[in-house]
Amino acid sequence: RALDRLLSRGQELEKNGDLKGALTNYTAVLEEVPDHEEAASLKERLEARLNEGQDLRRVADEHIGEGAWEQAAAVLKQLGGLFPDDEDIRKKSDLANANLATIEGAIARATDALRRKRYDLVGQAAREVLLISPNHGEALAAQKDAERGLAGIEKQLEEAKELIDS
């Protein structure tokens with residue numbers, strides 16, 4: 001039967017990631033038989049999935065725009081589960097994970113530099129993070145630590161110079 005083929009084709013398309021094609025097939029079945037329970041159920045479930053995907057994309061894009069890479073990565077992971085073949089989601093997820101790795105490395109360098117009282121390197125690592133995540137709490141704190149440390153060194157240098165000059 002033609003309706004069974006349309007329904008089976010819709011399920012195959014959905015399984016292969018062609019959600020719009022699947023929706024078209026389910027809709028075509030319902031246009032012929034408006035009370036077709038299986039087609040109605042499949043269409044309803046698919047529309048809910050697509051709506052959830054739109055909402056999650058919006059949230060992911062907001063997190064990306066804010067430089068909130070950890071949150072973006074978590075939402076993109078959810079989206080990847082819903083839409084495993086979506087290249088845009090994959091690219092954004094790769095970007096989020098790369099930025100998380102950069103942040104993790106820079107924070108580790110800042111922590112090490114702070115321990116060694118290398119405030120110039122602390123500031124450099126903090127700036128690296130803040131370029132991609134402007135509101136990153138650890139990086140903001142490291143930047144303040146670097147500024148305070150450098151100010152303390154400058155003050156000590158001035159005091160030393162005054163002692164030498166006197």
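Here the structure is shown first, and the text comes after it.
Reference entry: report on the structure contained in this document. (Residues numbered from 1 in each chain as written. Predicted model: local features only at pLDDT ≥ 70, side-chain atom pairs only at ≥ 80, totals over all residues. Heavy atoms only, no water.)

### What to know about the overall build of the chain
Now for step 1: Per the secondary structure count, the chain includes seven helices and zero strands.
Now for step 2: Across the chain, helices and strands are ordered from the amino to the carboxyl terminus as α-α-α-α-α-α-α.
Now for step 3: For 166 residues, the compact-globule estimate of 2.2 N^0.38 gives 15 Å, and the chain exceeds it by more than 25% at 27 Å.
Now for step 4: Taking all 166 residues of the chain together, 34% fall into the buried category.
Now for step 5: The contacts of the chain with a sequence gap of at least 6 include a subset with a gap of at least 24, amounting to 48%.
Now for step 6: Surface summary for the chain: the accessible area is close to 10,800 Å², and the carbon and sulfur share equals 51%. (Helix = DSSP H or I, 4+ residues; strand = E, 2+ residues; numbered from the N terminus. Rg over C-alpha atoms; globule rule 2.2 N^0.38 Å. Buried < 20%, exposed > 50% of the residue type's maximum accessible area, 1.4 Å probe, protein only. Contact = heavy atoms within 4.5 Å. Areas by Shrake-Rupley, 256 points an atom, 1.4 Å probe, with all protein chains shown as cover.)

### Re a nonpolar patch on the surface
Now for step 1: Together, Leu 150, Ile 153 and Leu 157 make up a nonpolar patch on the protein surface, roughly 260 Å² of accessible area in all.
Now for step 2: Positionally, Ile 153 belongs in helix H7 (residues 137–165).
Now for step 3: Residue classification places Ile 153 among the partly exposed residues on the basis of a relative accessible area of 34%. (Patch = residues over 30% accessible without salt bridge, like charges linked within 9 Å, V, L, I, M, F, W, Y side chains within 5 Å. Salt bridge = Lys/Arg side-chain N within 4 Å of Asp/Glu carboxyl O.)

### Details of the nonpolar core
Across soluble globular proteins, nonpolar side chains show a tendency to be buried alongside one another.
Now for step 1: Counting 38 residues, the largest nonpolar core has Leu 76 and Leu 79 as its most contacted members.
Now for step 2: Breaking this core down by element, the ones donating at least two residues are helix H1 (2–15), helix H2 (19–32), helix H3 (37–66), helix H4 (69–82), helix H5 (87–115), helix H6 (119–132) and H7.
Now for step 3: When sequence neighbours within four positions are dropped, the list of residues in contact with Leu 79 reads Gly 53, Leu 56, Arg 57, Ala 60 and Ile 89. (Core = buried A, V, L, I, M, F, W, Y, C linked by side-chain atoms within 4.5 Å.)

### A short note on H2
An α-helical turn contains 3.6 residues, so any two residues separated by three or four positions project in the same direction.
Now for step 1: Spanning 14 residues, H2 covers 20 Å between terminal C-alpha atoms, matching the ideal 20 Å at 1.5 Å per step.
Now for step 2: Buried residues of H2: Leu 19, Gly 21, Ala 22, Leu 23, Asn 25, Tyr 26, Val 29 and Leu 30, and no others.
Now for step 3: Residues of H2 that are buried in the fold lie against H1 and H3. (Expected span 1.5 Å × (residues − 1).)

### Description of a negative patch on the surface
Now for step 1: Among the surface-exposed residues, Glu 154, Glu 158, Glu 159, Glu 162 and Asp 165 lie close enough to one another that they form a single negatively charged patch.
Now for step 2: Within the secondary structure, Asp 165 sits in helix H7. (Lys, Arg positive; Asp, Glu negative; His and termini not counted. Charge placed at Lys NZ, Arg CZ, Asp CG, Glu CD.)

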